[in-house]
Amino acid sequence: MATEDKNRATAAAILPLVGGAANVSSIAHCMTRLRLGLHDRSLVDDEALKAIPAVMGVVEDDTYQIVLGPGTVARVTPEFEQLVEEGRAAAPEPATAAAATAPTTASADELAAQGAAMKAARKAKNATPFKLFLRRIANIFVPLIPALIGCGIIAGLNGLLVNLGWLTSVTPALAAMASGFMALIAVFVGFNTAKEFGGTPILGGAVAAIIVFPGVANIEAFGQQLSPGQGGVLGALGAAVLAVYVEKWCRRWVPEALDVLVTPTLTVLVSGLVTIFGLMYVAGEISTAIGTFADWLLSNGGAGAGFVLGGLFLPLVMLGLHQALIPIHTTLIEQQGYTVLLPILAMAGAGQVGAAAAVYFRLPRNESIRRTIKSALPAGLLGVGEPLIYGVSLPLGRPFITACVGGAFGGGFIGLFNQLGDKVGSTAIGPSGWALFPLLDGNHGLGSTIAIYAGGLLVGYLAGFLATYFFGFSKDLLTEFNVSREPAESTVAATGGPASPTTGPDSPAKEPAGV
């Protein structure tokens, strides 16, 4: 089947299972997930969605998220958008969901109700003003990740060629390709910020462009000469938010006849002056403090800091707080050329891989879970952890904790080398696992950097495996899940714990949700 046909077939399979085109209110995607806003969540058939070959899992948060994996999601989303438009044009009436398979036991009904209640509770818990603000920040920076990755890989290739003395006539061109986006990233941040906060995107970009304009070097603020780029992405973010509020004020008070002339002029003038004579300096100081603190933390905290960061990252992801790290990563990349935090945080995925391998060996009779692990491990090795998290470790409970232990040891390993003076960084954000190798950079040569990162992965794999193998299962959990018969259907909710035990010779094999 042609790639286009395969992607369209995946989109066509998903659409009726989320309630049809009329039930879709918004469509977006990140690195791995198709994110849908839905009018009526009850129209979604979760189990049928999980059965689609291209679907790695589903996650419910502020949006309904279908995990498709990197690359695939970017190809399926346009096809899905086209099908939604076609469906709305052809049949504006709300669609109905496919009939769900009736559960076979009363306990399945109870577990489904418990799972739904837990999902609703966690969704309500996550809908705090602070977390909603973090999601907005993520919406600003996530669209920039493909460019960061592409330019980061080109920068790595260029550095390798320069060190080897090869293709000397080509390396200046590669340097321009790698650096062009980063030189203007503030403009893109300003554009996306204004769009996210309800303003005119181009005005946000215009105000943010002031920050990178070379002529600001002739301006003095707070007794200091400004420098182009001072304040970076944080300054661009603040400038664009200010521009949105100025624009909204103008839209409210400026007469309609003058709006087209006065509103954009006042928006750029007022927010531009505040940016030049205030935000650039303040944001510059904050950006410098972030870089200084990151260096101090790893230089002095070393293994301890890495242990804490690597161990806590997955819980931060579950709480949605990891989104606060995106502008910090971007600021470090602007300042130093790479972020030293991402390789440490990537060890959380290594712990998941090790834990999943241990689950595979500890449950030799549960073919369903073992089959899920075998299919999800390649993605996990490449840094796509959702299938292992939501399909294996999190529903089982204790293996999720031991996976975090594996991430902590991997992070501690890399943190130790940072303390010894060998920095390991990433020139872009987004990838992790093996996919991060092309983006690695450091202060002591590429070979040393790759070796340290690879060592961290191995430590994470091993620690996650050992912690899960020896401490990841209670006797009750083993009794419940290590059974030989194939399951008739999943009996654990996506965010819930394991099912109630139904032991005995006729008990079906248990499996976590998403399997």
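Residues numbered from 1 in each chain as written. Predicted model: local features only at pLDDT ≥ 70, side-chain atom pairs only at ≥ 80, totals over all residues. Heavy atoms only, no water.

Peer 1: Account for the overall build of the chain, naming residues and giving values.
Peer 2: Helix and strand counts for the chain come out as 19 helices and 8 strands. Classification of the 515 residues of the chain by burial places 49% in the buried group. Look at the contacts in the chain between residues 6 or more apart in sequence, and 71% of them connect residues 24 or more apart. About 23,100 Å² of surface is accessible on the chain, with carbon and sulfur atoms providing 66% of the total. (Helix = DSSP H or I, 4+ residues; strand = E, 2+ residues; numbered from the N terminus. Buried < 20%, exposed > 50% of the residue type's maximum accessible area, 1.4 Å probe, protein only. Contact = heavy atoms within 4.5 Å. Areas by Shrake-Rupley, 256 points an atom, 1.4 Å probe, with all protein chains shown as cover.)

Peer 1: Just give me the short version of the side chain of Asp259, but keep the residues and values in it.
Peer 2: For Asp259, the location among the structural elements is in helix H11 (residues 256-319). In terms of polar contacts, Asp259 uses its side chain to reach the side chain of Arg251, at 2.5 Å. (Polar contact = N/O pair within 3.5 Å; in protein donor to acceptor, adjacent residues only side chain to side chain.)

Peer 1: Residues and numbers for the packing of aromatic side chains, please.
Peer 2: Evaluated as defined, the whole model comprises 10 aromatic pairs. The interplanar angle of 55° and the centroid separation of 5.1 Å between the aromatic rings of Phe413 and Phe417 together place this pair among those described as tilted. Of the two residues, Phe413 and Phe417 both sit in helix H17 (residues 398-419), 4 residues apart, roughly one turn of that helix. Between the aromatic rings of Phe437 and Tyr453, the centroid separation amounts to 5.2 Å while the plane-to-plane angle is 85°, which identifies the pairing as edge-to-face. Of this pair, Phe437 sits in the loop between strand S7 (424-426) and strand S8 (440-442) while Tyr453 is found in helix H18 (residues 446-471), placing the two residues 16 residues apart along the sequence. Residue classification places Phe437 among the partly exposed residues on the basis of a relative accessible area of 25%. The exposure class assigned to Tyr453 is buried, which follows from its relative accessible area of 0%. Ring pairs connect the aromatic residues Tyr360, Phe361, Phe465, Tyr469 and Phe470, which therefore count as one cluster. The residue whose ring lies beneath Arg136 is Phe197, and the NZ or CZ to ring-centre distance is 4.7 Å. Of note, Arg362 hangs over the ring of Tyr469, and the distance from its end group to the ring centre comes to 5.1 Å. (Phe/Tyr/Trp six-rings, centres within 6.5 Å; stacked < 30°, edge-to-face > 60°. Lys NZ or Arg CZ within 6 Å of the ring centre and 35° of its normal.)

Peer 1: Can you tell me about the pattern of salt bridges, naming the residues and giving the values?
Peer 2: Two side chains of opposite charge can pair, provided their charged atoms sit close to one another. Overall, the coordinates contain 10 salt bridges when judged by the stated rule. The shortest N-O distance in the salt bridge between Arg8 and Glu79 comes to 3.0 Å. Separated by 71 residues along the polypeptide, Arg8 in helix H1 (residues 3-17) and Glu79 in helix H3 (residues 72-90) bring together distant segments of the chain. Residue class for Arg8 comes out partly exposed when judged on its relative accessible area of 26%. The closest approach of N and O atoms between Arg88 and Glu85, which form a salt bridge, is 3.6 Å. Separated by 3 residues within a single helix, Arg88 and Glu85 lie in helix H3, roughly one turn from each other. By relative accessible area, Arg88 is classed as partly exposed at 34%. (Salt bridge = Lys/Arg side-chain N within 4 Å of Asp/Glu carboxyl O.)

Peer 1: Could you give an account of the pairing of strand S4 (residues 64-67), naming the residues involved and the relevant values?
Peer 2: Neither face of S4 is exposed, since Tyr64 and Ile66 on one face and Gln65 and Val67 on the opposite face are all buried. For strand S2 (residues 33-38) and S4, the ladder comprises 4 bridges, and the chain directions are antiparallel. Residue pairing for S4: Leu34 is matched across the bridge by Ile66. Across 4 bridges, the pairing between strand S3 (residues 57-60) and S4 is antiparallel. Note on S4: the bridge partner recorded for Gly57 is Val67. (Pairing = 2+ DSSP bridges.)

Peer 1: Break down helix H5 (residues 129-141) for me, with residues and values.
Peer 2: The end-to-end C-alpha distance of H5 is 19 Å, a good match for the 18 Å that 13 residues give at a rise of 1.5 Å each. Lys131, Leu134, Arg135, Ile137, Ala138, Ile140 and Phe141 are the residues of H5 that are buried. (Expected span 1.5 Å × (residues − 1).)

Peer 1: So what's going on with the confidence of the model for the chain? Residues and values would help.
Peer 2: In the predicted model, the chain carries a mean pLDDT of 83, and 85% of its residues have values of at least 70. This stretch, residues 93-115, has a pLDDT under 50; its non-local contacts, to residues over four places away or in other chains, come to 27 contacts. (pLDDT = per-residue confidence, 0-100.)

Peer 1: Any chance you could break down a nonpolar patch on the surface for me, citing the residues and the numbers?
Peer 2: Judged by side-chain polarity, Leu160, Leu164, Trp166, Leu167, Val170, Leu446 and Ile450 come together as a nonpolar surface patch covering roughly 600 Å² of accessible area. Put simply, the parts of the chain that give the nonpolar patch at least two residues each are helix H6 (145-164) and H18. Along the polypeptide, Ile450 turns up in helix H18. (Patch = residues over 30% accessible without salt bridge, like charges linked within 9 Å, V, L, I, M, F, W, Y side chains within 5 Å.)

Peer 1: Lay out the packing of helix H10 (residues 232-253) against helix H12 (residues 325-336) in plain terms, naming residues and giving numbers.
Peer 2: Each packed pair of helices is defined by two parameters, the angle between the axes and the distance between the axes. Running from N to C, H10 and H12 cross one another at 130°; their axes reach a closest spacing of 7 Å. Classified by the angle their axes make, H10 and H12 are oblique. Residues Gly232, Val233 and Leu234 of H10 lie in contact with H12, whose contacting residues are Pro327, Thr330, Thr331 and Glu334. Class assignment for the residues of the contact of H10 with H12 results in 3 nonpolar, 3 polar and 1 charged. (Axes fitted to C-alpha atoms, helices over the stretch in contact; angles between N-to-C directions. Parallel < 35°, antiparallel > 145°, perpendicular 65-115°, else oblique. Nonpolar A, V, L, I, M, F, W, Y, C, P; charged D, E, K, R; others polar.)

Peer 1: Go over unusual backbone geometry with me, naming the residues and quoting the values.
Peer 2: A positive phi angle, near 50°, is found at Leu167, a position not held by glycine. With respect to the helices, strands and loops of the structure, Leu167 is situated in the loop between H6 and helix H7 (171-183). Although it is not a glycine, Phe222 sits at a positive phi angle of roughly 55°. Within the secondary structure, Phe222 is located in the loop between strand S5 (220-221) and strand S6 (224-225).

Peer 1: Describe the pairing of S3, naming the residues involved and giving the relevant values.
Peer 2: Neither face of S3 is open: one carries Gly57 and Val59, the other Val58 and Glu60, and all of them are buried. Counting the residues between successive antiparallel strands, the hairpin from S3 to S4 contains 3 residues.

Peer 1: So what's going on with the nonpolar core? Which residues, and what values?
Peer 2: One finds Phe141, Ile185, Val189, Val359 and Tyr453 to be the most contacted residues of the largest nonpolar core, which totals 71 residues. At 7 residues, H11 tops the list of elements feeding residues into this core. In this structure Val359 touches Ile369, Ile373, Val392, Leu396, Pro399, Thr468 and Phe473, once residues within four positions along its chain are discounted. One finds Ala21, Leu38, Ile66 and Leu83 within the second-largest nonpolar core, a separate group that totals 23 residues. (Core = buried A, V, L, I, M, F, W, Y, C linked by side-chain atoms within 4.5 Å.)

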